[in-house]
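Geometric and topological summary
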Amino acid sequence: VILAGGLAATFAESFSMGAVAYTSMLANQSFYESEKRREYRHIRQVPNVERHEVQSIFARKGFTGDLLSRIVDTICSDEDVWVDVMLSEEHNVSPVTKQEALKSSFVVFLAALLGSFIPILGFIFTKPSVGMWVSIVLSAVALFVVGFYKSRAMRVGNPFWAGVEMTMIGMCSALVGWLVG
C-alpha cells in the first residue's frame, strides 16, 4: 500500500511539475509577444523617447560621442532590430519556442520523477517501520548532495552551507507534507 501510494504520488506530482514548466514557458512566450507589440507601438508613437532609451542603454555600457550616435542610428534605422534590442536590453526577455517548452517540461518531469523515487527506495528494500527512517536519511543525503553540487558547479557560495540549506528546505517541505497528510 505504501509503495502503491508513493508511486502514484510520484508519477502524478512529476507529471504536474512538467506541465507547470510547460505552461510557464508558454506564459513567458505570451509575455514576450505582448512586450514586442508594445515596443512596436512605442517606437511608432513616441520614437524620440524610445531612441533616447536606446541611447541610455548603450551609454551605460560605456559608449560615448560619435560611436554612441552611430550605434543608436544603426539600431533605430530598422524597426525589427530596434524592437529586438529593446526586448533584450530593456526588458530582458527572449522568445520561447514550443520545442524549448516541451524540452524544459520533460527535464522537469524527469528530475521530479528521479527525486521522488529517492524516498520510496527506503520502503522497497526494508520493512515499513524502518523504511520511513531510511527514506528520511536517503532524502537528506540526496538533498545535501544536490545543494553542494549546485553551489560548487555554479561557483556561488559555500558548497557545504548550500548543501545544508537545501537539506533544511527539503526536510521542512517533507515535514509540512507529513503533517498535512
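These numbers come from a predicted model, not from an experiment.

Quick notes on the rules
- Residues numbered from 1 in each chain as written.
- Predicted model: local features only at pLDDT ≥ 70, side-chain atom pairs only at ≥ 80, totals over all residues.
- Heavy atoms only, no water.
- Helix = DSSP H or I, 4+ residues; strand = E, 2+ residues; numbered from the N terminus.
- Buried < 20%, exposed > 50% of the residue type's maximum accessible area, 1.4 Å probe, protein only.
- Polar contact = N/O pair within 3.5 Å; in protein donor to acceptor, adjacent residues only side chain to side chain.
- Contact = heavy atoms within 4.5 Å.
- Patch = residues over 30% accessible without salt bridge, like charges linked within 9 Å, V, L, I, M, F, W, Y side chains within 5 Å.
- Areas by Shrake-Rupley, 256 points an atom, 1.4 Å probe, with all protein chains shown as cover.
- Salt bridge = Lys/Arg side-chain N within 4 Å of Asp/Glu carboxyl O.
- Expected span 1.5 Å × (residues − 1).
- Arc of directions from axis to C-beta.
- Phe/Tyr/Trp six-rings, centres within 6.5 Å; stacked < 30°, edge-to-face > 60°.
- Axes fitted to C-alpha atoms, helices over the stretch in contact; angles between N-to-C directions.
- Parallel < 35°, antiparallel > 145°, perpendicular 65-115°, else oblique.
- Left-handed = near helix turned anticlockwise from the far one by under 90°.
- Nonpolar A, V, L, I, M, F, W, Y, C, P; charged D, E, K, R; others polar.

A closer look at the side chain of Ser 14
Along the chain, Ser 14 falls in helix H1 (residues 2–45). With a relative accessible area of 0%, Ser 14 lands in the buried category. In terms of polar contacts, Ser 14 uses its side chain to reach the backbone amide nitrogen of Leu 113, at 3.1 Å. Once residues within four sequence positions are removed from consideration, Ser 14 is found in contact with Phe 109, Ala 112, Leu 113 and Ser 116.

Let's talk about a nonpolar patch on the surface
Together, Leu 3, Leu 7, Phe 11, Leu 121, Ile 124, Phe 125 and Leu 138 make up a nonpolar patch on the protein surface, roughly 630 Å² of accessible area in all. Of all elements in the fold, only H1 and helix H5 (98–125) reach the threshold of two or more residues within the nonpolar patch. Looking at where Leu 7 falls in the secondary structure, it is placed in helix H1. Its relative accessible area of 33% is what places Leu 7 among the partly exposed residues.

Observations concerning the environment of Thr 167
Looking at the secondary structure, you find Thr 167 in helix H7 (residues 159–180). Contact partners of Thr 167, with chain neighbours within four places excluded, come to Ala 140, Leu 143 and Phe 144.

As for helix H3 (residues 65–76)
Here H3 contains 12 residues, and its C-alpha end-to-end distance of 17 Å stays within 8% of the 16 Å for a straight helix at 1.5 Å per residue. Along H3, the positions that sit buried rather than exposed are Leu 68, Ile 71, Val 72, Ile 75 and Cys 76. Seen along its axis, H3 keeps its buried residues to an arc of 115 degrees; they face one direction. For H3, the exposed residues lying more than 90 degrees away from the buried face are Asp 66 and Thr 74. At its buried positions, H3 is contacted by helix H2 (47–60) and helix H4 (79–90).

Topic: the packing of aromatic side chains
Tallied over the entire structure, the rule returns 5 aromatic pairs. Cluster of aromatic residues (ring-pair linked, three or more members): Phe 144, Phe 148, Phe 160 and Trp 161.

Side note on the packing of H1 against H5
Axis separation between H1 and H5 bottoms out at 8 Å; the angle between their running directions is 160 degrees. With respect to their mutual orientation, H1 and H5 come out roughly antiparallel. Two packed elements cross with a definite hand, and for H1 against H5 that hand is right-handed. Looking at the contact of H1 with H5, its residues break down into 20 nonpolar, 7 polar and 2 charged.

A few points about the pattern of salt bridges
Using the criterion set out here, one finds 6 salt bridges in the structure. In this structure, the salt-bridge partner of Arg 44 is Glu 79, at a minimum N-O distance of 2.8 Å. On the criterion of sequence distance, the pair formed by Arg 44 in helix H1 and Glu 79 in helix H4 is long-range, its members being 35 residues apart. Residue Arg 44 is classed as exposed on the basis of its relative accessible area, which comes to 55%. Through salt bridges that share partners, Glu 35, Arg 38 and Glu 39 make up one connected network.

Some points on H7
Taking 1.5 Å of rise per residue, 22 residues should cover 32 Å, and H7 covers 32 Å from first to last C-alpha, within 8% of that figure. Within H7, burial applies to Pro 159, Ala 162, Gly 163, Thr 167 and Gly 170. Along H7, the residues classed as buried sweep out an arc of 135 degrees about the axis, all on the same side. In H7, the exposed positions that point more than 90 degrees away from the buried face belong to Trp 161, Leu 179 and Val 180. If you follow the buried residues of H7, they end up packed against helix H6 (128–154). Its side-chain oxygen 2.8 Å from the backbone nitrogen of Phe 160, Asn 158 forms the N-cap of H7.

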